[in-house]
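# Structural overview for review
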Amino acid sequence: MLVALAANLVIAVAKAIGGLVAGSPALLSEAAHSVADSMNEVFLLAALRRSRRPADRRHPFGYGKERFFWSLLAAVGIFVMGGCFSFFQGFEALTSESAEGLSGYVAGLIVLGVALLAEGGSLVRALYQVRRQGGAGAGLRDPALRTVVAEDGTAVLGVSLAMAGMALHMVTGQVVWEASASFAIGALLVFVAFRLGREARDQLIGEAADPESSGRICALLQAQPEIDSVEALFTMKTGLDTALVAARVDLVPGLDSERVEEVAVRIKRSIARTVPEADQIFLDVTDRLAREAAESPAATGERGGA
């Protein structure tokens, strides 16, 4: 994360200077892209620090969702600072008739070449981190790491688009190529922002645990001899590696209160061992026969017709 932040800051400054010297809209679009990435890295660093705070009275389920909130802010930053500014540069290029010198564009291409190497190195490092954390399936569950991979991947593609647009502008003398590159960079950033924002939204409003974990919990409950049936099972991610589990189960008849308490404690411990991320477990245990008796006409005062 710190490597990506340092790389983005250096690249943002270099692109901004090169874009101003060359007067290149594509290079300025990439400068805005790098500034947005730098801001987002700061957001993600804050997410990593704040999400590790222990649970307290005000937040009894912990602060794990801080990562999802800051990931949403990062998506908004990519959209506003990167995508919208790139579209603006594209329109500006089409309506402007100023001519740029060849020497300025050569310097801009050199800056982009260096940026491509730096962004590529950062992307390789991020992909290596994903591999260390279990590959694409497990590693990309981390919203912070997923955002870094998305940022570095779009950065490499964005730099390539900017270089292509500037080179074609130099060869043909038509600014439309560079304007098209700015539009393409803007569309790319808006797409990435939409994807990241949608994922963060789903996690913030209460996304269920992955189906594999839910299936293991359900199978464990159904395998208990004291459980007659599993009426409902609810899960919700409360952080990157934490989840809330709530189950409504019917017990077999004939269990006294002490036995029910022992069964509930044992089941909760079994769930915690089977699914380590289930740190909050709630069981609603009922006796079907007792419940049916309580809901019978004799208990409720209702009378059957005859």
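A short tour of the structure in this document, coming up. Keep in mind it's a predicted model, so treat the numbers as computed, not measured. (Residues numbered from 1 in each chain as written. Predicted model: local features only at pLDDT ≥ 70, side-chain atom pairs only at ≥ 80, totals over all residues. Heavy atoms only, no water.)

## Looking at the overall build of the chain
Looking only at helices and strands, the chain has 11 helices and 3 strands in total. Its helices and strands taken in sequence order, the chain reads α-α-α-α-α-α-α-α-β-β-α-β-α-α from the N to the C terminus. Taking contacts inside the chain between residues at least 6 apart in sequence as the whole, the part at least 24 apart equals 73%. About 15900 Å² of surface is accessible on the chain, with carbon and sulfur atoms providing 63% of the total. (Helix = DSSP H or I, 4+ residues; strand = E, 2+ residues; numbered from the N terminus. Contact = heavy atoms within 4.5 Å. Areas by Shrake-Rupley, 256 points an atom, 1.4 Å probe, with all protein chains shown as cover.)

## Examining the pattern of salt bridges
Tallied over the entire structure, the rule returns 10 salt bridges. The shortest N-O distance in the salt bridge between R50 and E66 comes to 3.3 Å. Placement of R50 in helix α2 (residues 25-50) and of E66 in helix α3 (residues 66-95) is noted, with a sequence separation of 16 residues between them. In this structure R50 comes out as partly exposed when scored by relative accessible area, which is 27%. Accessibility expressed as a relative area gives 14% for E66, which makes it buried. (Salt bridge = Lys/Arg side-chain N within 4 Å of Asp/Glu carboxyl O. Buried < 20%, exposed > 50% of the residue type's maximum accessible area, 1.4 Å probe, protein only.)

## Side note on the pairing of strand β2 (residues 243-251)
The buried fraction of β2 amounts to 7 of the 9 residues, a majority that puts the element mostly inside the structure. In the sheet, strand β1 (residues 227-237) pairs with β2 via 9 bridges, with the strands oriented antiparallel. The residue of β2 that forms the bridge with K237 is A243. Counting the residues in the hairpin turn of β1 and β2 gives 5 residues. (Pairing = 2+ DSSP bridges.)

## Observations concerning the nonpolar core
A26, I78, L112, A162, M166, V192 and L196 are the most contacted members of the largest nonpolar core, which totals 19 residues. The set of elements that each furnish at least two residues to this core consists of α1 (2-22), α2, α3, α4 (102-132), α6 (143-172) and α7 (176-204). When residues no more than four places from it in sequence are discounted, the contact partners of V192 are I78, A150 and T154. The next biggest cluster of nonpolar side chains, apart from the first, holds 16 residues, and it includes V249, L251, I267 and I271. (Core = buried A, V, L, I, M, F, W, Y, C linked by side-chain atoms within 4.5 Å.)

## Remarks on helix α9 (residues 257-274)
Along its 18 residues, α9 runs 26 Å from first to last C-alpha, staying within 8% of the 26 Å computed at 1.5 Å per residue. Of all the residues in α9, the buried ones are V263, A264, I267, S270 and I271. When α9 is viewed along its axis, its buried side chains cluster within an angular range of 130° and face the same direction. Pointing more than 90 degrees away from the buried face of α9 are the exposed residues E258, E261, R269 and R273. (Expected span 1.5 Å × (residues − 1). Arc of directions from axis to C-beta.)

## Some words on the packing of α2 against α3
Relative to each other, α2 and α3 sit at 170°, their axes nearing to 9 Å. It follows that α2 is roughly antiparallel to α3 by the angle criterion. Along the lines of polarity and charge, the residues of the contact of α2 with α3 split into 18 nonpolar, 7 polar and 3 charged. (Axes fitted to C-alpha atoms, helices over the stretch in contact; angles between N-to-C directions. Parallel < 35°, antiparallel > 145°, perpendicular 65-115°, else oblique. Nonpolar A, V, L, I, M, F, W, Y, C, P; charged D, E, K, R; others polar.)

## Topic: the packing of α2 against α7
At their nearest, the axes of α2 and α7 sit 8 Å apart, and the two run at 20° to each other. The angle between the axes of α2 and α7 places the two elements in the roughly parallel class. Contact residues: P25, A26, L27, S29, E30 and H33 in α2; E178, A181, S182, I185 and L189 in α7.

## Observations regarding the environment of Q174
Note that Q174 resides in the loop between α6 and α7. Put simply, Q174 and L94 are 80 residues apart on the chain and 9.9 Å apart in space, counted from C-alpha to C-alpha.

## Regarding a nonpolar patch on the surface
Taken together, the side chains of V35, M39, V76, F79, V80 and M81 define a hydrophobic patch exposed on the protein surface, amounting to about 460 Å² of accessible area. Those elements giving two or more residues to the nonpolar patch turn out to be α2 and α3. Top element by residues in the nonpolar patch is α3. It accounts for 4 residues. On the secondary structure map, V80 appears in helix α3. Looking at V80, the relative accessible area reads 46%, which means it is partly exposed. (Patch = residues over 30% accessible without salt bridge, like charges linked within 9 Å, V, L, I, M, F, W, Y side chains within 5 Å.)

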